Amino acid sequence: MRSIATVLGIVWLAALSGTAAAAGLQPLAIESYLVEPGRPAVLRWSVASDVADSPLDYVVRDYSGQTVAEGQAAVADGNVELRLTLPAGFHDIEFPATEQRFGILSTTVDRADPDPFFSIDSALSWLVQNDELRQGLVKMLHRSGIAMSRERLSWGQVQPAADRWDWESSRRYESLRKLYANEGVSMLEMFHDGPGWTGRVGKYPDDLVAAARSWRDITARWHGYWAALEIWNEPDISFGDNLPADQYAAVVKAVCYGAAADHKPLLVGGVVAHHNRAFLDNAARNGLLECVPVFSFHTYGRAEQMETLIGDYRQWLAVHDQAGVPLWITECGRPWKKGPPRPPADQDSTSALDITMKAVEAKACGIARYFAFVYPFYEERENNFGMMGREGTPLRSMAAYVAAARRLAHRPYIGDLEIDDPAVRRARVFGSTGKTGEVVLVLYTGEPKPEKTVALGMPVLRAEGIDGRELKATAEGGIPVPDGLTYVTLDRLPLATRLRPDTAAAKIRDAGRPAANVARPSLSPIVLRYQFDPALVSAVSEGYRITTDALDRFPLRVRAFNLAPQPQKVTLEVAFSSPEATLADSATRSVEVPGESSVDIDWTADLRRGFTADDRLTATIAVKGGADPAILPLVIDLMGEATMEQRLGRYSQTVRLPIENLAAWRPQIAGGGKIELGNPSPDGWRMTARFAPGDRWAYPRLPMPEGLDLSTLEAIVIRARCEKKAAVRVFLWEGDSGVGYITGGSIIPADGRWHSAVVRFGDLVPSTANAPDPNNRLDLDRVRSLSIGFNSDVDENTLEVSDAYLVGGKK
């Protein structure tokens, strides 16, 4: 979700691009702001001309804001040099005269053997253009014990033409990758653009032969810098042009074939923003999990939602007989409000707590790698996701994440500790699986409270705050949890009667343990792609909505790419999920595809009766008679444009929503915007939204009919039209808690025409922009209102709804 949107068209932050602020102090050697506890360290700053040569007062505070040191620093020859000896933990040094603060991280880590789990999304290729700052940040990663850094590559910049390469480009890609290698930091490469010279299908490359050839060459040059290659970024949303998963899977197949031609980089796929089951299932049926040995996803939900979310991904993998595929979370963050160079302490602490506890939950649930988002200072819309300040020194979130890497490195999750205190939301234990030895308990209350303590009723070896600073037990033996998370080191033996190893997290972890000696199939040079016609279908992440009346003669065109230099003969066959869908002639086609070329194969289908029982239909194009290596199938999910009467006729229970009652609607729109509601017809509803600069969303709320329990129903059937381009969505709200569940993509095409849609309650996903759900599931019996609205692409837009029904009891 947070994916460095429209990066290449933006001039990035002044302090990170080499044009640092002209006033005040500028830190030198960023890596030196990570110091060893209890040992003298020297910090240096360059001084701008507007700073007087007189000594500068400074104050050093710890994570909690307590003063630990103060004094004066001499200014000489345009520099400040300060010698400090600090205890373990995060520190903030302030120079009141320049109104600046800088972060210092005091920690000791095992740099020789970092835990692969603890990784970070750095994006230095795009976010940091100052070479000195880049070097300092990479050095600090090594010193922090972070195992892997996620980077970004613009494919079109590196290969601006089919016959021209620019390995450095203006972003100095190759130099940065060499820097990572020289500093001993592993790197995850990622790209999500297709060069213009390859042509485009949405945002994907059109010429898959050229794509495979290009990635063979890129891999040949750079594979030595990579620990892994991640293919695309969030293909289920705008970065994949909201196209269905079969389009993404075709690109993955081509890139995998090219990248694996001469070398064998570890390939990572998926990279999804949402747990959109329709997109995920289609990806799996198109062979994605046969191509990539690692599946990655992103989440910006809350820590307590992680267990359910990871369990959902494991369950999805199991359905497709891939339960043991390793899962990586390659983006996971918690922002603070944009504006200042460093966040206020409360926002910094909230960000640190959520990022760190999500890492704890991910480790407990068996995630193989976790990438905190995002290492350098990064403002996006109203948020800042950076774990470093504008000047490049650590924030509390970075300090807390490094402390987690130090305390939990190479310690497996062994269960939860039973604790009576209701304020404790999680009590995860990591350490030896034997009966003796030290273990680390992660006490999580979920909110910073300086006075909070927890009684454990057992001996404690030591306790540390979220940043690794020492905490002292109270006289009564209470363990302080001032940050919302405390690490408690315990002897394993006394835990025996209170340790619960059979937790939900442990079951999710165990479900992901790979079977021994699972061989992945060889990659075929034949890749199949659906050549959809935008005049006939509207492509969305869940599939292709048929928007034409030509259902009785629907053209189905498939392009067969041959990535190999030798010609290939193939025989393909079409099958539909409904026997009512038929073909005008033979389902089988035999073709010869020349080397490094493609051939189109056409069928004509009668789909009209195929949508009688359901509005979804699947077409599968597979090889007939076998092939070696196996050609992965092409699976196309089609959605019919049924009428409201047809859709409602599929259910035994219908409840009409009183959308025409304008007084019942509660306006909700992005800051500064205005909503105008009206009745275009006696039973209809219309919303016109006018937006101020910034976000463009409008989701007015309508209360549910009195006494209605949604748990007896299954879906919403709606007929609507949207005047201009937008993602039209539906929300369900649990009471007045602020917990909302939303459709992952647009429910109708925003083309100014009328469309009907079925919104299944089971397809809704948590809205991470709203309040976290304590039990991480949609409680239909608690839903008290819904929203119908949009995220608009334009400053003024209109949505009209003629009918909206709650339905259940599908026939």
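Counting starts from 1 at the beginning of each chain's written sequence and moves along it residue by residue. Where local features are concerned, this predicted model is filtered to residues with pLDDT of at least 70; where side-chain atom pairs are given and counted, the filter is 80 or more; whole-chain, interface and lining totals use all residues. The side-chain quantities take in all heavy atoms of the structure and omit both hydrogens and water.

Asks: Explanation requested: the overall build of the protein chain in the structure shown.
Replies: When helices and strands are tallied, the protein chain shows 13 helices and 53 strands. By the compact-globule yardstick of 28 Å for 811 residues, the protein chain fits well, its C-alpha radius of gyration being 28 Å. Projected onto its principal axes, the C-alpha positions of the protein chain cover 85 × 70 × 60 Å. A buried classification covers 58% of the 811 residues belonging to the protein chain. For the protein chain, contacts bridging at least 24 residues in sequence account for 75% of all contacts bridging at least 6. Carbon and sulfur atoms form 48% of the exposed surface of the protein chain, whose accessible area is close to 30800 Å². We treat Lys and Arg as the positive residues and Asp and Glu as the negative residues; His and chain ends play no part in the count. Think of each charge as sitting on NZ of Lys, CZ of Arg, CG of Asp or CD of Glu. Each charge class in the protein chain can be summarised by its mean position, and for the 89 positive and 103 negative side chains these summaries are 2 Å apart. Secondary structure elements follow DSSP: runs of H or I of four or more residues count as helices, runs of E of two or more count as strands, with numbering from the N terminus. Radius of gyration: C-alpha atoms only; globule rule: 2.2 Å multiplied by the number of residues to the exponent 0.38. Relative accessible area decides the class of each residue, using a 1.4 Å probe on protein chains only: under 20% of the type maximum gives buried, over 50% gives exposed, and in between gives partly exposed. Should any heavy atoms of two residues lie within 4.5 Å, those residues are counted as being in contact. Throughout, the Shrake-Rupley method with a 1.4 Å probe supplies accessible areas, and for residues the shown protein chains are the sole cover considered.

Asks: How do you make sense of the packing of helix H9 (residues 306-319) against helix H12 (residues 504-511) when you look at a structure like this?
Replies: How two helices sit against one another is set out by the angle between their axes and by the gap between those axes. Where H9 contacts H12, the two axes come as close as 10 Å, and the packing angle between them is 30 degrees. By the angle class used here, H9 and H12 are roughly parallel. Viewed along their axes, H9 and H12 form a crossing whose handedness is left-handed. Contacts between H9 and H12 involve Glu307, Ile310, Gly311 and Arg314 from the former and Ala504, Ala505, Ile508 and Ala511 from the latter. Simply put, an axis is a line fit to the C-alpha atoms, just over the touching stretch for a helix, and the angle between two N-to-C directions goes from 0 to 180 degrees. Roughly parallel covers angles under 35 degrees, roughly antiparallel covers those over 145, roughly perpendicular covers 65 to 115, and oblique covers all other angles. Note: crossing handedness is left-handed where the near helix turns anticlockwise from the far helix by less than a right angle, and right-handed where it turns clockwise.

Asks: Any chance you could explain the pairing of strand S23 (residues 413-417) here in plain terms?
Replies: Two faces, one strand: in a regular strand the side chains alternate between the faces of the sheet. When you tally the buried positions in S23, you get 5 out of 5 residues, the bulk of the element. Two strands pair when backbone bridges link them, and S23 and strand S24 (residues 426-431) are joined in this way by 3 bridges, in the antiparallel orientation. Looking at S24, one finds that Asp416 is bridged to Arg428. Think of it this way: DSSP has to see at least two bridges between two strands before they count as a pair. Two strands pair when backbone bridges link them, and S23 and strand S31 (residues 499-500) are joined in this way by 2 bridges, in the antiparallel orientation. Within S31, the position partnered with Asp416 by the bridge is Arg500.

Asks: Just to check I follow, could you spell out the nonpolar core for this structure?
Replies: Note on soluble globular proteins: their nonpolar side chains tend to be buried together. Formed by 175 residues in total, the largest nonpolar core has its most connected members in Trp45, Ile93, Phe295, Phe297, Tyr370 and Leu607. Take this core: its biggest share by element is 9 residues, from helix H6 (residues 245-259). Those residues in contact with Leu607 that sit more than four places away from it in its chain are Ile546, Leu551, Phe554, Phe576, Ala581, Leu617 and Leu638. Definition used in this section: a nonpolar core is a set of buried Ala, Val, Leu, Ile, Met, Phe, Trp, Tyr and Cys residues joined via side-chain atoms within 4.5 Å. Formed by 40 residues, the second largest nonpolar core is a distinct cluster that contains Met687, Ile718, Ile747 and Val801.

Asks: It is not clear to me how the environment of Glu641 should be interpreted in this structure. Could you clarify?
Replies: Looking at where Glu641 falls in the secondary structure, it is placed in the loop between strand S41 (634-639) and helix H13 (644-648). Taking the C-alpha atoms as reference points, Glu641 and Pro376, 265 residues apart in sequence, are found 46 Å from one another. Here Glu641 is in contact with Arg545, Ile546, Thr547, Arg647, Trp754, His755 and Ser756, once residues within four sequence places are set aside.

Asks: Help me understand the side chain of Ser351, please; the structure alone is not making it clear to me.
Replies: Looking at the element boundaries, Ser351 is found in helix H10 (residues 345-364). Apart from the residues lying within four places of it in its own chain, the contact partners of Ser351 are Arg334, Pro335 and Ser397.

Asks: Explain the sheet that holds strand S6 (residues 75-76) here, please?
Replies: Each strand in a sheet pairs with its neighbour through backbone hydrogen bonds, running either in the same direction (parallel) or in the opposite one (antiparallel). The strand order across the open sheet formed by 4 strands is S1-S3-S7-S6, and the pairing between neighbours is antiparallel. Both edges of this open sheet fall to strand S1 (25-28) and S6, since each of them pairs with a single strand only.

Asks: How should I be thinking about the sheet that holds strand S17 (residues 294-299) in this particular structure?
Replies: Taken together, the 8 strands give a closed barrel; going around it, the order is S10-S11-S12-S15-S16-S17-S18-S20, and neighbouring strands pair in parallel fashion. Averaged over all pairs of adjacent strands, the angle between strand axes in this sheet comes to 25 degrees, irrespective of strand direction. Here strand S18 (residues 327-332) pairs with strand S20 (residues 369-373) via 3 bridges, running parallel. Paired with Ile329 across the two strands is Tyr370, which belongs to S20. Against the sheet, H10 contacts strand S10 (118-121), S17, S18 and S20, and its axis sits at roughly 170 degrees relative to S20.

Asks: Whenever I open this one, the pairing of strand S4 (residues 56-62) confuses me. Can you help?
Replies: Most of S4 is tucked away, with 5 of its 7 residues classed as buried. Of the pairings in the sheet, the one linking S4 to strand S5 (residues 67-73) comprises 6 bridges and is antiparallel in character. Opposite Val59, over in S5, you have Glu70 as the bridge partner. Hairpin connection from S4 to S5: 4 residues lie between these consecutive antiparallel strands, with Gly65 at a positive phi of about 95 degrees. In terms of strand pairing, S4 meets strand S8 (residues 89-95) through 4 bridges, oriented antiparallel.

Asks: Which parts of the structure should I look at to understand the side chain of Gln247?
Replies: Counting through the fold element by element, Gln247 comes out in helix H6. The exposure class assigned to Gln247 is buried, which follows from its relative accessible area of 1%. We call two N or O atoms a polar contact when they sit within 3.5 Å, provided that within protein one can donate a hydrogen and the other can accept it, with sequence-adjacent residues counted only if both atoms are side-chain atoms. At 2.9 Å, the side chain of Gln247 and the backbone oxygen of Tyr530 are in polar contact. Beyond its immediate stretch of four places on either side in the chain, Gln247 contacts Val201, Tyr204, Arg529, Tyr530, Phe532 and Tyr544.

Asks: Just to check I follow, could you spell out the confidence of the model for the protein chain for this structure?
Replies: If pLDDT is low for a region, its predicted coordinates should not be looked at in detail. Taken residue by residue, the protein chain gives an average pLDDT of 93. The fraction at 70 or more is 97%. By definition, pLDDT measures how confident the predictor is in each residue, and it falls between 0 and 100. Confidence drops under pLDDT 50 across residues 5-22; counting only partners more than four residues distant or on other chains, this segment forms 40 contacts.

Asks: For this particular structure, what's the right way to read H12?
Replies: Side chains that are three or four residues apart share a direction in an α-helix, a result of its 3.6 residues per turn. Among the residues making up H12, those that are buried are Ala505, Ala506, Ile508 and Arg509. An end-on view of H12 places all buried positions within 160 degrees of arc, on one side of the element. On the buried face of H12, the contacting elements are H9, H10, S23 and S24. Our arc is simply the arc of the directions from the helix axis toward the C-beta atoms.

Asks: Mind showing me how you'd approach the packing of aromatic side chains here?
Replies: Think of a pair of aromatic rings as described by two things: how far the centres are apart, and how the planes are tilted against each other in angle. Here a pair means two rings of Phe, Tyr or Trp (six-membered ring of Trp) with centres within 6.5 Å. Their orientation is stacked below 30 degrees between planes, edge-to-face above 60, and tilted elsewhere. Taken as a whole and assessed by the stated rule, the structure comprises 36 aromatic pairs. Ring centres 5.2 Å apart and planes at 65 degrees place the aromatic pair Trp167 and Trp222 in the edge-to-face group. Highlighted residues: Trp167 in the loop between helix H3 (155-158) and helix H4 (173-183) and Trp222 in helix H5 (residues 208-222), separated in sequence by 55 residues. What makes Trp167 buried here is its relative accessible area of 15%. The exposure class of Trp222 is buried, given its relative accessible area of 0%. Taken together, the ring pairs in this structure connect Trp155, Phe191, Tyr204, Trp215, Trp226, Trp232 and Tyr248 into an aromatic cluster.

Asks: Would you explain the pattern of salt bridges in this entry?
Replies: It is possible for side chains of opposite charge to pair when their charged atoms get near one another. Any carboxyl oxygen of Asp or Glu within 4 Å of a side-chain nitrogen of Lys or Arg constitutes a salt bridge here. Tallied over the full model, the rule gives 59 salt bridges. Arg407 is the partner of Glu464 in a salt bridge, and the nearest nitrogen-oxygen pair spans 3.6 Å. One end of the pair, Glu464, is in strand S27 (residues 462-464); the other, Arg407, is in helix H11 (residues 396-408), with 57 residues separating them in the sequence. Note on accessibility: Glu464 and Arg407 belong to one class, buried.

Asks: I keep staring at the environment of Val807 and nothing clicks. Help me out?
Replies: By the secondary structure assignment, Val807 is in strand S53 (residues 796-810). Judged by relative accessible area, Val807 falls into the buried class, the value being 0%. Along the chain, Val807 and Pro555 lie 252 residues apart, while their C-alpha atoms are 33 Å from each other. Non-local contacts of Val807, meaning those with residues more than four positions away in its chain, are made with Leu648, Tyr651, Gln653, Thr654, Leu713, Glu714, Ala715 and Val717.

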